[in-house]
Amino acid sequence: MDVRKKILLVGIAIAMLSAAIATQYARVSIAYEYGISATDGAIRFIARDTAPDGKYVLQNSANTLKLSLGSFAPGTNKTYTAAFGIVNEESFNIYLYNVSVTGSGNQYIKIWLHKNPNVTASNDASSILVWNGDYTTFSNITFYAGNNNAGNANSDAGTILTPLDAVNNVRYNTTSGSIGDNNDYWWVQVSIDIPNGASDATYTGNILFSFTSVQ
């Protein structure tokens, strides 16, 4: 009787060992890939207007995009009706819901989104003020789904080309008129309004655009 019990226990132990071996896994790996690009992201920026130095206002410095707006005397107002454009390449609609400008001289900056790069925001019924030298509230601005092609931007008014300027390493467009509906891009007007008596200085900072997917 005792022998049978021992045999039974040995058999159970063997069965448990077999089950444990069966649930072991080989080592498995999977590759991943992602890109970093100052010009071809899912939300990307395109150049248009030129600065006083003859280069695009939107510039690529060491793979970091920046706006080079120029140097002006006190009491000057300088407006770039299309300092740059913002393009959505996601396969779904997104909202722009907040804009903030941090850094020195941010109180002298005003920013609009609008559809006609050839006129000032005050003459464009589509214009939306998103920064007025301080936070300003605005309704969510829709960027319709893009096509994941950095070579163009689209709306009901047609497709515009956004080729890469190999010298300045920015994508640009200089030919489009106003945007139609269902647009995956908007032009951004930037105005610098410098009061009389402003101190001589170089003002620097960052413009943060906050987006979310459309629910």
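Quick note: structure is the one above.
Owing to the predicted nature of the structure, the values given are computational and were not obtained by experimental measurement.

Student: Now, about the sheet that holds strand S8 (residues 141–143): what can you tell me, with residues and values included?
Tutor: With antiparallel pairing, 3 strands are arranged side by side in an open sheet as S8-S5-S14. Of all the strands in the sheet, the pair left with one neighbour each is S8 and strand S14 (205–213). Pairs of neighbouring strands in the sheet enclose a mean axial angle of 40°, with direction left out of account. Pairing between strand S5 (residues 94–103) and S8: 3 bridges, direction antiparallel. Each residue of the ladder has a partner; that of Leu-96, found in S8, is Ile-141.

Student: Give a detailed account of the nonpolar core, specifying residues and quantitative values.
Tutor: With 31 residues, the main nonpolar core has Phe-84, Leu-96, Ile-111, Leu-113, Ile-141, Phe-143 and Val-190 as its most contacted residues. Setting aside its immediate chain neighbours within four residues, Leu-113 contacts Leu-96, Ser-126, Ser-127, Ile-128, Val-130, Ile-141, Phe-143, Trp-186, Trp-187 and Val-188. Ala-82, Ile-160, Ile-179 and Tyr-185 belong to the second-largest nonpolar core, a separate cluster that totals 8 residues.

Student: I'd like a description of the environment of Glu-90, backed by residues and values.
Tutor: In this structure, Glu-90 sits in the loop between strand S4 (77–88) and S5. In sequence terms Glu-90 and Ile-43 are 47 residues apart; their C-alpha atoms lie 7.3 Å from each other. Filtering out sequence-adjacent residues up to four positions away, Glu-90 remains in contact with Ala-42, Ala-145 and Gly-146.

Student: Residue-level account of the packing of aromatic side chains, with values.
Tutor: According to the stated counting rule, one finds 8 aromatic pairs in the structure shown. With a centroid separation of 6.0 Å and 80° between ring planes, the pair formed by Phe-84 and Phe-209 is classed as edge-to-face. Of the two residues, Phe-84 sits in strand S4 while Phe-209 sits in strand S14, which places them 125 residues apart along the sequence. Accessibility expressed as a relative area gives 12% for Phe-209, which makes it buried. A centroid spacing of 6.0 Å and a plane angle of 90° characterise the contact between Tyr-185 and Trp-187, whose relative ring orientation is edge-to-face. Under the relative-accessibility criterion, Trp-187 is labelled buried at 0%. Through a chain of ring-to-ring contacts, three or more aromatic side chains come together here, namely Phe-45, Phe-84 and Phe-209. Between the NZ or CZ atom of Arg-48 and the centre of the ring of Trp-187, over which it lies, the distance is 5.3 Å.

Reading guide: rules and limits
Residues numbered from 1 in each chain as written. Predicted model: local features only at pLDDT ≥ 70, side-chain atom pairs only at ≥ 80, totals over all residues. Heavy atoms only, no water. Pairing = 2+ DSSP bridges. Helix = DSSP H or I, 4+ residues; strand = E, 2+ residues; numbered from the N terminus. Axes fitted to C-alpha atoms, helices over the stretch in contact; angles between N-to-C directions. Core = buried A, V, L, I, M, F, W, Y, C linked by side-chain atoms within 4.5 Å. Buried < 20%, exposed > 50% of the residue type's maximum accessible area, 1.4 Å probe, protein only. Contact = heavy atoms within 4.5 Å. Phe/Tyr/Trp six-rings, centres within 6.5 Å; stacked < 30°, edge-to-face > 60°. Lys NZ or Arg CZ within 6 Å of the ring centre and 35° of its normal.

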